[in-house]
Amino acid sequence: MTDRDLALKAFALRRRMLCLIHEAGAGHTGGGLSCLDILNVLYNRVLALTPETVAAPTRDRYVQSKGHCVEALYAVMSDRGYFPDADLNTVCHYRSYYVGHPTRKIRGMEMNTGALGHGLPICLGMALAAKMDGAGYRVFTLLGDGELAEGSNWEAAMAGAHYDLDNLVAILDHNTLQITGHTRDVMSNEPLDEKWRAFGWEVRTVDGHDYAALTAALTTPHPGKPLFVIANTVKGKGVSFMENVGKWHHGVPSDAELAQAIAELDAAEQKFRETSA
């Protein structure tokens, strides 16, 4: 799939995500839009995982530690065929398995998440198990930058380097905003690159909306060290009135806001088609 293919797919995925949040009446809109391009690259280019191999021992593992942004993951996995798109009409409905955080009751979901700080430690265990078993699969997790205030992440960082887990990849959706404000104001975690290198990780910093850069960062070998990818993103990416606006950490667009967002995405897609043909 070319960069252009991924970009066109992203327009459709953003529309789908916004519509399902609107229909569900709940959702983490800003962070979903910021991490969607990362998920697009992972599921369409990087992960050795398909709907047919969700139970294969050799499959790559993906755990979304920032589980509150599950709507973006739902949109991407539905598009890839892990479950019918119609299932998303039940998000946050009574007795639906499609709740506001990932759950293993849904086909293709590796782990329940949502309590922040758990995803990386879980993936550490999976990666260590692979090494002990002599298995070749890789383990990926997506973190939020506000989530790095959790000490369990730093324990996992130490252990990942200690055990030379070069099959472990942590990706940071670095949009610099969390529910109560900018991470630099709530609990500063900078300089992130220097900190993770000091913990013994290979660190790569990329534009989190650049498909080629993300692909290169996630596929270039890093022997002997776990990999930490700082993906610089924009919260609310693609919708003008949501971009870099903290209140859209969690927010449901009104009918008028949804219509405006869809119109903006349609116009941006049309312009992209004309300039990239």
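What comes next is a walk through the structure. (Residues numbered from 1 in each chain as written. Predicted model: local features only at pLDDT ≥ 70, side-chain atom pairs only at ≥ 80, totals over all residues. Heavy atoms only, no water.)

### Structural notes on the overall build of the protein
Line of reasoning, step 1. Counting secondary structure elements, the protein contains nine helices and seven strands.
Line of reasoning, step 2. Relative to the compact-globule value of 19 Å for 277 residues, the protein shows a C-alpha radius of gyration of 18 Å, a close match.
Line of reasoning, step 3. Along the three orthogonal principal directions, the C-alpha set of the protein runs to about 50 × 45 × 45 Å.
Line of reasoning, step 4. Residue burial in the protein is summarised as follows: out of 277 residues, 52% are buried.
Line of reasoning, step 5. Summarising the internal contacts of the protein: among those between residues at least 6 apart in sequence, 75% fall at separations of at least 24.
Line of reasoning, step 6. About 11500 Å² of surface is accessible on the protein, with carbon and sulfur atoms providing 54% of the total.
Line of reasoning, step 7. On the protein, the mean spot of the 26 positive side-chain charges and the mean spot of the 33 negative ones are 3 Å from each other. (Helix = DSSP H or I, 4+ residues; strand = E, 2+ residues; numbered from the N terminus. Rg over C-alpha atoms; globule rule 2.2 N^0.38 Å. Buried < 20%, exposed > 50% of the residue type's maximum accessible area, 1.4 Å probe, protein only. Contact = heavy atoms within 4.5 Å. Areas by Shrake-Rupley, 256 points an atom, 1.4 Å probe, with all protein chains shown as cover. Lys, Arg positive; Asp, Glu negative; His and termini not counted. Charge placed at Lys NZ, Arg CZ, Asp CG, Glu CD.)

### Quick word on the layout of surface pockets
Any empty space left between the atoms is revealed when a probe the size of a water molecule rolls over them.
Line of reasoning, step 1. Approximately 270 Å³ is the volume found for the largest pocket.
Line of reasoning, step 2. Lining the largest pocket are A7, A10, F11, R14, D37, H209, D210, Y211, K237, G238, L265 and A268.
Line of reasoning, step 3. Counting only elements with at least two residues in the lining of the largest pocket, the list comes to α1 (3-24) and α9 (255-276).
Line of reasoning, step 4. Looking at the lining of the largest pocket element by element, the count peaks at four residues for α1.
Line of reasoning, step 5. A class-by-class count of the residues in the lining of the largest pocket yields six nonpolar, two polar and four charged. (1 Å grid on protein atoms, 1.4 Å probe; cavity = no way out; pocket = protein on both sides within 12 Å on 5 of 7 lines; lining within 4 Å. Points joined across faces, edges and corners; volume = space filled by probe spheres on them. Nonpolar A, V, L, I, M, F, W, Y, C, P; charged D, E, K, R; others polar.)

### What about empty space enclosed by the protein?
Line of reasoning, step 1. Tallied over the full model, the rule gives one cavity of 30 Å³ or more.
Line of reasoning, step 2. For the largest cavity, the full set of lining residues is Y62, V63, Q64, L73, P102, M109, E110 and M111.
Line of reasoning, step 3. Counting residues per element, the lining of the largest cavity draws most heavily on strand β1 (residues 61-64), at three residues.
Line of reasoning, step 4. Looking at the lining of the largest cavity residue by residue, the class counts come to six nonpolar, one polar and one charged.

### Some remarks on the pattern of salt bridges
Line of reasoning, step 1. For the structure shown, the criterion picks out twelve salt bridges.
Line of reasoning, step 2. Note that E110 and R59 form a salt bridge whose closest N and O atoms lie 2.6 Å from each other. Residue E110 is found in the loop between α3 (70-80) and α4 (119-133), and its partner R59 is found in the loop between α2 (29-46) and β1; the two are separated by 51 residues along the sequence.
Line of reasoning, step 3. Taking the shortest distance from any N to any O, the salt bridge between D173 and K66 comes out at 2.6 Å. Here the residue D173 occupies a position in strand β3 (residues 168-174), and K66 occupies one in the loop between β1 and α3, the gap between them amounting to 107 residues.
Line of reasoning, step 4. Looking at D173, the relative accessible area reads 0%, which means it is buried.
Line of reasoning, step 5. Taken together, the salt bridges that share partners define one network made up of R15, D266, E269 and R273. (Salt bridge = Lys/Arg side-chain N within 4 Å of Asp/Glu carboxyl O.)

### As for the packing of α4 against helix α5 (residues 151-162)
The relative placement of two packed helices is expressed as an angle between their axes plus a distance between the axes.
Line of reasoning, step 1. Running from amino to carboxyl end, α4 crosses α5 at an angle of 25°, the nearest separation of the two axes being 8 Å. On the basis of the axis angle, α4 is roughly parallel to α5. Where α4 crosses over α5, the two elements pack in a sense that is left-handed. The segment α4 lies against α5, with L120, P121 and L124 engaging S152, N153, A156, A157, A159 and G160.
Line of reasoning, step 2. Taken together, the residues that form the contact of α4 with α5 break down as six nonpolar, three polar and no charged. (Axes fitted to C-alpha atoms, helices over the stretch in contact; angles between N-to-C directions. Parallel < 35°, antiparallel > 145°, perpendicular 65-115°, else oblique. Left-handed = near helix turned anticlockwise from the far one by under 90°.)

### Remarks on unusual backbone geometry
Line of reasoning, step 1. Residues E190 and P191 are joined by a peptide bond in cis, for which omega reads 0°.
Line of reasoning, step 2. With respect to the helices, strands and loops of the structure, P191 is situated in the loop between α6 (183-187) and α7 (192-198).
Line of reasoning, step 3. The residue C92 is not glycine, and still its phi comes out positive at about 65°.
Line of reasoning, step 4. Located in the positive-phi region is R95, a residue other than glycine, with phi close to 70°.

### Structural notes on the sheet that holds strand β7 (residues 227-232)
Line of reasoning, step 1. What the five strands build is an open sheet, ordered β1-β2-β3-β7-β6; its pairing is parallel. The open sheet has two free edges, formed respectively by β1 and β6 (202-207), since each of these has just one partner strand. Here the average twist between neighbouring strands, direction ignored, is 20°.
Line of reasoning, step 2. Bridge count between β3 and β7: six bridges; the pairing is parallel. What sits directly across from D173, in β7, is A231.
Line of reasoning, step 3. Contacting β1, β2 (139-144), β3 and β7, α2 runs over the sheet at an angle of about 150° to β3. (Pairing = 2+ DSSP bridges.)

### Examining the nonpolar core
Line of reasoning, step 1. Judged by nonpolar contacts, the single largest core of 57 residues is most densely connected at L39, L42, Y43, Y62, Y74 and I171.
Line of reasoning, step 2. If you tally residues by element for this core, the top one is α1, at eleven residues.
Line of reasoning, step 3. Counting 26 residues, the second-largest nonpolar core is a separate cluster that includes L120, A127, A157 and L165. (Core = buried A, V, L, I, M, F, W, Y, C linked by side-chain atoms within 4.5 Å.)

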